[in-house]
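Report on the structure
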Amino acid sequence: MKSFLRLCAVVVLATCVVAWPAPQAADGTLYGMSAEVGLVSIDIDTGATTPIAQNIPKEGQAQNLAALDTERGIYYIIGYNFTTSAVNLLGLNVADGSVAVDMALPFVSSAFIGVGEAVDIDPTNGELFIVGLKSDNKHHLYRINPRTGSMKYLAECGYINVLGGAHAYDMSANIVWLQYGLNSSGDVTIDLFGFDATTGELKHTIPQADPVLSTLDFDLYNNQVVGFGYSVANSSRILFSLDSRTAQVSVVGTVRGYLVDNGGIATVNSRDGIVYGQFQPAGNSTAPFDLVGVHIKTASVASSATLCQQSADCPWSMEFLQTKH
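Residues numbered from 1 in each chain as written. Predicted model: local features only at pLDDT ≥ 70, side-chain atom pairs only at ≥ 80, totals over all residues. Heavy atoms only, no water.

**Describing the sheet that holds strand β8 (residues 99-104)**
Formally: Here, any two strands with at least 2 DSSP bridges between them count as paired. In this description a helix means any DSSP run of H or I spanning at least four residues, a strand means any run of E spanning at least two, and both kinds are numbered starting from the N terminus. Fitted lines through C-alpha atoms give the axes, limited to the stretch in contact for helices. The angle between two N-to-C directions lies from 0 to 180 degrees.
Ordered by their spatial adjacency, four strands build an open sheet running β5-β6-β7-β8, and the pairing between neighbours is antiparallel. The outermost strands of the open sheet, each flanked by one partner alone, are β5 (59-69) and β8. Shown here is a sheet whose adjacent strand axes are inclined to one another by a mean of 20 degrees, direction ignored. Note: strand β7 (residues 86-93) against β8, five bridges, orientation antiparallel. Within β8, the residue paired with G91 across the bridge is V101.

Pasting the structure below:
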């Protein structure tokens, strides 16, 4: 069994009650992949999930391994086909859940499905950036056209597996961000690596620091990467922005009332300026997990609804599709 690192924070705070303002209706639809590997829509106001199609048989998945082609309406995940014992790229039509793409990937699975893997999309052409473990025990980054099956090799990422590692593609800077562990003379840190999406050249390395970065998503309307993190100094959940040209991380603010996140699962409603995540209310380790919408500019909570009683029962990935106008 290969070793891996998991991003987590276990903190106990005093219980607090916060009243959030009435949420504004989202201009689009939130989709997710259920724990049973079935495409669902998620009601932002109530947290209720509605199946779009039947669950996919004999398919495994991991948390936070999804990307959405907003132009073509295809929801992609990196899965594991138990019939063929192969890591595969699966693409589902959000309209009816039908399988649009089922493509074997040149990766091997570790003892834990999805560890060290990532998938992100270039929204300008629907091509995917996919990284996974190969038989040489190193991670490799590819650019893939899922409609033709063509693959372009970009880079070797010879780092330590991370379960729930953050990842994103910043189209404004042409940078693919990946999070892995790095062993420097026995001192293991969880760092962020930025690769040129055309050449595969390593452009940036952001060493592990405070805050710990937990999620990454590209905010199209503001041309920035945003995400949730954890402030060790303040024992709080925070929202941050990342400038991919300078590798500068800036804290936007504290997400009041929430602390523990679920699997680094988040997505952006860029037009409305909202980041959605899955969080457990602070101070109550037995509380259900909420679907929480947070303002990109202020980190204030815009909406909150109960999503699941146990973390494993929540959607294992989420992607927001904006309404076309």
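**Remarks on the packing of aromatic side chains**
So the rule is basically this: Each Phe, Tyr or Trp ring (for Trp, its six-membered ring) is paired with any other whose centre lies within 6.5 Å, and the angle between the two planes then decides the class: stacked below 30 degrees, edge-to-face above 60, tilted in between.
For the structure on display, the rule yields nine aromatic pairs. Among the aromatic residues, those joined into a ring-pair cluster are F107, Y142 and Y153.

**Some remarks on the layout of surface pockets**
We apply this condition: Lining residues are those with an atom within 4 Å of a point, where the points come from a 1 Å grid over the protein atoms alone and group into cavities, where a 1.4 Å probe fits but cannot get out, or pockets, open sets with protein on both sides within 12 Å along at least five of seven lines. Grid points are joined across faces, edges and corners, and a volume is the space filled by probe spheres set on the points. In this classification, the charged set is Asp, Glu, Lys and Arg, the nonpolar set is Ala, Val, Leu, Ile, Met, Phe, Trp, Tyr, Cys and Pro, and all remaining amino acids, among them Gly, are polar.
Considered as a void within the structure, the largest pocket measures approximately 710 Å³ in volume. As for the largest pocket, its lining consists of 35 residues, of which L68, T70, F218, E319 and F320 are closest to the centre. Those elements that provide at least two residues to the lining of the largest pocket are β5, β9 (118-122), β14 (167-170), β19 (217-219), β23 (258-269) and β27 (317-322). By residue number, the principal contributor to the lining of the largest pocket is β27, which donates six residues. Class assignment for the residues of the lining of the largest pocket results in 19 nonpolar, 10 polar and six charged.

**Brief notes about the pattern of salt bridges**
The criterion, for reference: For salt bridges, the criterion is a side-chain nitrogen of Lys or Arg within 4 Å of an Asp or Glu carboxyl oxygen. Burial classification: accessible surface area is computed with a 1.4 Å probe over protein chains only, and a residue below 20% of its type maximum counts as buried, one above 50% as exposed, and the rest as partly exposed.
Summed over all chains, the structure comprises eight salt bridges. Across the pair E156 and K138 runs a salt bridge, and its minimum N-O distance is 3.3 Å. Here E156 is found in strand β12 (residues 151-157), whereas its partner K138 is found in the loop between β10 (127-133) and β11 (139-144), with 18 residues between them in sequence. Classification of K138 as partly exposed rests on a relative accessible area of 33%. Overlapping salt bridges, with partners in common, bring together D122, E127 and R143 in one network.

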